[in-house]
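Observations on chain architecture
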Amino acid sequence: LQLFARNTSMSGADASAGAGSAGDVDATVKEPLDLIRLSLDERVFVKLRGERELRGKLHAYDQHLNMVLGDVEESVTTVETDEETFEEIIKTKKREIPFLFVRGDGVVLVAPPLRST
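Since we're looking at a predicted model, the values are computed, not measured.

V46, L54, L58, M67, L69, V102 and V107 are the most contacted members of the largest nonpolar core, which totals 16 residues. Of all the secondary-structure elements, those providing two or more residues to this core are β2 (43-48), β3 (52-62), β4 (67-81), β5 (88-102) and β6 (107-111). Beyond its immediate sequence surroundings of up to four residues, V46 is in contact with R52, E53, L54, M67, L69, V107 and L109.

The structure is reproduced here in structure tokens:
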């Protein structure tokens, strides 16, 4: 299992060698996972099966779209039908989660943060 995360700590020799390139990240998108790579340490929107949505800071991911998110807001939407009027009632429950591991097989969509051009 290969996990991708941005290296935020640099030792003395590494820091001086990478001084000019610390902020330089290859911003080209050649493969689909490149878009996810560019979103590391950014807030992303993740849509899951079962009408679940997550918004949180992407800390790590792998090729299966398993992800570690921080400062997560989870929204779960349910649709109920009133038995008398047959009217649909949409309910949304929200909760805050400090850290969350998301299993990739439940991921439907990952949206990176909006970037200005």
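The pairing of β2 with β3 spans six bridges and is classified as antiparallel. In the strand pairing of β3, V44 is matched with G56. Of the strand pairs in this sheet, β2 and β6 are connected by four bridges, and their pairing is antiparallel. Bridging from a neighbouring strand, L48 pairs with V107 of β6.

Within the element layout of this structure, Q63 appears in the loop between β3 and β4. Sequence separation of Q63 and L33 is 30 residues, and the distance between their C-alpha atoms is 7.5 Å. In this structure the side chain of Q63 is engaged in a polar contact, spanning 3.4 Å, whose partner is the side chain of H64.

What counts, and at which threshold
- Residues numbered from 1 in each chain as written.
- Predicted model: local features only at pLDDT ≥ 70, side-chain atom pairs only at ≥ 80, totals over all residues.
- Heavy atoms only, no water.
- Core = buried A, V, L, I, M, F, W, Y, C linked by side-chain atoms within 4.5 Å.
- Buried < 20%, exposed > 50% of the residue type's maximum accessible area, 1.4 Å probe, protein only.
- Helix = DSSP H or I, 4+ residues; strand = E, 2+ residues; numbered from the N terminus.
- Contact = heavy atoms within 4.5 Å.
- Pairing = 2+ DSSP bridges.
- Polar contact = N/O pair within 3.5 Å; in protein donor to acceptor, adjacent residues only side chain to side chain.

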